[in-house]
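Analysis of the macromolecular model
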Amino acid sequence: MALFEIFDPKAPPHPIGIDLGTTNSLVAYVKNERPVAVADCDLETLVPSVVAYLPNGDVVVGRRAVRLAAEHPRDTIVSAKRFMGRGSDDPETRRLGPYEFAEPAAGEANTVRFKVAGSRVVTPVEVSAEILRALKAQAEDALRNVGGAVVTVPAYFDDAQRQATKDAARLAGLEVLRLLNEPTAAALAYGLEKRTNGTFAVYDLGGGTFDVTILLLDDGVFQVRSTGGDSQLGGDDMDRALARELLAALGFDEQRQTPQLIRLVLDEARRAKHALTTLDEVEAEVPGQKRVKITRARFEELIRPLLERTGLACRRALKDAGHKPADIDGVILVGGATRVPAVRRYVAELFGKEPLADIDPDQVVALGAAVQADLLAGQGRTDDVLLLDVIPLSLGIEVGGGVVDKVLPRNSTTPCVARATYTTQEDKQTGFEIHVVQGEREMVADNRSLARFTLKGIPPMPAGMARLEVALHVDADGLLSVHAKELTTAIEQTVTVKPSYGLDDATVEKMLLDALDHGEEDLAVRRLAEGRVDASRIVAAARKGLQADGDLLEAGERARIEAACDALDEASRGDEPSRIRARIDALDDATKAFAARRMNRAIARAIEGKSLDRVEKSVEHAKGVEEAHAR
């Protein structure tokens, strides 16, 4: 018996949690006091973090964009999260990949820019905004009324990367309630689900980032003791290592290959990685080339250096928290890359215990974000949960000789504020130049520059007489603001740090205004593009069914179905989304009885000659294979 949910127009908006991932993203909300992931019309919760920009101006997100990657490798952006908050001269832009990058024009922020669809230029912020828009639309389809969002970020994201994520959410039209560290979100979901107290390590290895967090769970209090990681380490690096192996086996120089071949090899490397989760050996095949055998042993040899990099971060986090592996009560696995058997073995060796993976590592971050969104919106029981998170990297001020004075050390609990006092180095100095940096190195040149500003108007005084107090404040989102005050004159200035690698406020504002000005036009174009893609897929499926099971057709049925296919083909060549949708519905009506007969035949063939036990085992095996392929 089907159950229907009735929409209540007076109900408050549903707060949502979003896991903006490198490989896949998803959105969740709290239903009946339990977090659940939102599925699309195909009952899929994971949305591939892939955006395709087509020559006709269309933008495609998700699984359809994945299918376009081989045909449009430079116009289809995969793993944009790895480029968030990074400069155009960052080494990440030079890694193996099919993209073409545009240099920033004079006066533009030094951020990564992809050249797509001929002359169009987009930033990682804009790419991520498209993914977030798709997730918001998916939530609106399911919930109707969507409220504020908690968006997760890797714990080891620096200020520039966090600000870029927040900019992307603003462009997508989301009200950001909080940026939440991914390991903390996972621990929140796990702790509330299991009601377990103790000291835990969260080992989060996703598609493009790695985080490790040591935290204490104590009756609803989630106290982060330390965090560490690498924002340029993840499953993508496993794919690249395997892709280089494939290119070498095929006799190709990776520096001289076409974007199409690089995209194909990277995709085949990812497929082989997934298959090696359950198989000892696979054959990798690139169209038009010879097949290459890859063993699990060779794959594990290739990724061993990557695993050892995660081990360094884990040992450092344990040391910062004042713990040894034996002190850890459990290790929570997060991220799709933790499904790799070698990763799980390595974690077990590192911590001396089998890791916990009984909550889906692909969903656990979004589920925790949904819980936090529910709490922040005042719909959850706030007295049950207290989150005490930390900053991942130290914040400091440049002093004489290019040295960093660390004002806020890493692993300080957020929100937090710290002050330091400085003086002048020269007689009659009338201003202070303040340079804020982030990182753990001692010299400014070895850390990330966040902001520079000047406090002017200081009366000329002898060197050492002026007193400048600088306060660094990090909010609950992990974002930084700086307050500077000359104590003898009370001259002061406050700035919200806007990293040089991000988009400036004017650029973000222009994008928001453009989105409003062209909102209806963009929506119409999007609906038309989506309708055409759906029409093509449905017609192809119908004609394939006619060819495969034509003997099941009744009198006159083939003619009706073919006529409906032709009508849908014709409508898809037009520019009316509503007409395409009407023709899709008409084809669905024409094929409904035929589809039911085909389904009955398929079931009969599947269970023919099998006992009930064998059928049940086959179904369980098929589900396991499907889940492995989905990863």
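Residues numbered from 1 in each chain as written. Predicted model: local features only at pLDDT ≥ 70, side-chain atom pairs only at ≥ 80, totals over all residues. Heavy atoms only, no water.

1. A look at the pattern of salt bridges
Oppositely charged side chains can form a pair if their charged atoms are brought close together. Note the cut-off: Definition used for salt bridges: Asp or Glu carboxyl oxygen within 4 Å of a side-chain nitrogen of Lys or Arg. Secondary structure elements are taken from DSSP: a helix is a run of H or I of four residues or more, a strand is a run of E of two residues or more, and numbering for both begins at the N terminus. Each residue's exposure class comes from its accessible area (1.4 Å probe, protein chains only) as a fraction of the maximum for that residue type: buried when under 20%, exposed when over 50%, partly exposed otherwise.
Throughout the structure, instances matching the rule amount to 39 salt bridges. Across the pair Glu281 and Lys293 runs a salt bridge whose closest N-O atoms are separated by 4.0 Å. Remark: Lys293 occurs in strand β16 (residues 291-295) and Glu281 occurs in strand β15 (residues 281-285); sequence separation between them is 12 residues. Residue classification places Glu281 among the partly exposed positions, given a relative accessible area of 41%. With relative accessibility at 56%, the residue Lys293 sits in the exposed group. The salt bridge involving Lys592 is made with Asp589; its shortest N-O contact spans 3.8 Å. Separated by 3 residues within a single helix, Lys592 and Asp589 lie in helix α13 (residues 577-607), roughly one turn from each other. Lys592 sits in the partly exposed class, given a relative accessible area of 49%. Under the relative-accessibility criterion, Asp589 is labelled exposed at 54%.

2. Considerations on the packing of helix α12 (residues 557-572) against α13
How we decide: In this description, a line fitted to the C-alpha atoms serves as the axis of each element, helices being fitted only across the stretch in contact, and the angle between N-to-C directions of two axes falls anywhere from 0 to 180 degrees. Should an angle lie under 35 degrees it is considered roughly parallel, over 145 roughly antiparallel, and from 65 to 115 roughly perpendicular; all remaining angles are considered oblique. By convention the crossing between two helices is left-handed if the near helix lies anticlockwise of the far one by an angle smaller than a right angle, and right-handed if it lies clockwise. Throughout, a residue-residue contact means that at least one pair of heavy atoms, one from each residue, lies within 4.5 Å. Ten residues, namely Ala, Val, Leu, Ile, Met, Phe, Trp, Tyr, Cys and Pro, are considered nonpolar, four, namely Asp, Glu, Lys and Arg, are considered charged, and the remaining ones, Gly among them, are considered polar.
At a minimum axis separation of 9 Å, α12 and α13 run at an interaxial angle of 155°. Taken together, α12 and α13 sit at an angle that is classed as roughly antiparallel. The element α12 and its partner α13 pack so that their crossing is left-handed. Across the interface between the two elements, Glu557, Arg560, Ile561, Ala564, Cys565, Ala567, Leu568, Glu570, Ala571 and Ser572 from α12 touch Arg579, Ile580, Arg583, Ile584, Leu587, Ala590, Thr591, Ala593, Phe594 and Arg597 from α13. Grouping the amino acids of the contact of α12 with α13 by side-chain chemistry returns 12 nonpolar, 2 polar and 6 charged.

3. Quick look at the sheet that holds strand β6 (residues 59-61)
Strand pairing in a sheet relies on backbone hydrogen bonds, with the paired strands running either antiparallel or parallel. The test is simple: Pairing between two strands is assigned when DSSP locates at least 2 bridges connecting them.
Across the sheet, 3 strands lie side by side as β6-β5-β7; this open sheet has antiparallel pairing. For this open sheet the edge positions go to β6 and β7 (76-78), each flanked by a neighbour on one side alone. On average, adjacent strands in this sheet sit at an angle of 20° to one another, irrespective of strand direction. The sheet contact formed by strand β5 (residues 50-53) and β7 spans 3 bridges and is antiparallel. For Val51, the partnering residue across the bridge sits in β7 and is Ile77. Relative to the sheet, helix α2 (residues 124-143) contacts β5, β6 and β7, its axis offset from that of β5 by approximately 110°.

4. Focus on the pairing of β15
Going residue by residue along β15, you find Val282 and Ala284 tucked away on one face and Glu281, Glu283 and Glu285 left uncovered on the opposite face. In the sheet, β15 pairs with β16 via 5 bridges, with the strands oriented antiparallel. Counterpart to Glu285 in the pairing with β16 is Arg291. Between the end of β15 and the start of β16, which pair antiparallel, lie 5 residues, with Gly288 showing a positive phi angle near 85°.

5. Quick notes on helix α3 (residues 159-171)
Operational definition: Here the expected span of a helix is defined as 1.5 Å times the quantity of residues minus one.
Between its first and last C-alpha atoms α3 spans 18 Å; for 13 residues at 1.5 Å apiece the expected length is 18 Å, and the two agree. For α3, the buried fraction is high: 12 of the 13 residues fall into the buried class. The complete set of buried residues in α3 reads Asp159, Ala160, Gln161, Arg162, Gln163, Ala164, Thr165, Lys166, Asp167, Ala168, Ala169 and Leu171. Looking at the residues trailing α3, positive phi occurs at Gly173, about 80°.

6. A look at the packing of aromatic side chains
In this description, a pair of aromatic rings is defined by centroid distance and the angle of the planes. The criterion, for reference: Note on ring pairs: Phe, Tyr and Trp rings are taken, using the six-membered ring of Trp, and paired if centres are within 6.5 Å. Classes follow the plane angle, with under 30 degrees stacked, over 60 edge-to-face and the rest tilted.
Enumeration according to the criterion identifies 7 aromatic pairs in this entry. With centroids separated by 6.4 Å and ring planes inclined at 75°, the aromatic side chains of Tyr99 and Phe101 adopt a geometry described as edge-to-face. Taken together through their ring pairs, the aromatic side chains of Phe83, Tyr99, Phe101 and Phe114 make up a single cluster.

7. Some thoughts on the nonpolar core
Formally: Side-chain atoms within 4.5 Å link the members of a nonpolar core, which is a set of buried Ala, Val, Leu, Ile, Met, Phe, Trp, Tyr and Cys residues.
One finds Ile16, Ile18, Phe114 and Leu132 to be the most contacted residues of the largest nonpolar core, which totals 49 residues. In this structure, Leu250, Ala272, Phe299 and Leu333 belong to the second largest nonpolar core, which totals 47 residues.

8. Here we look at the packing of α2 against α3
At a minimum axis distance of 8 Å, the contact between α2 and α3 shows a crossing angle of 50°. In terms of orientation, α2 and α3 fall into the oblique class. Our pair here, α2 against α3, has a crossing hand that is right-handed. Residue-level contacts link Val125, Glu126, Ser128, Ala129, Leu132 and Arg133 of α2 to Ala164, Asp167, Ala168, Ala169 and Leu171 of α3. Tallied by class, residues from the contact of α2 with α3 come to 7 nonpolar, 1 polar and 3 charged.

Everything listed here is a matter of coordinates, which is why it stays silent on function.
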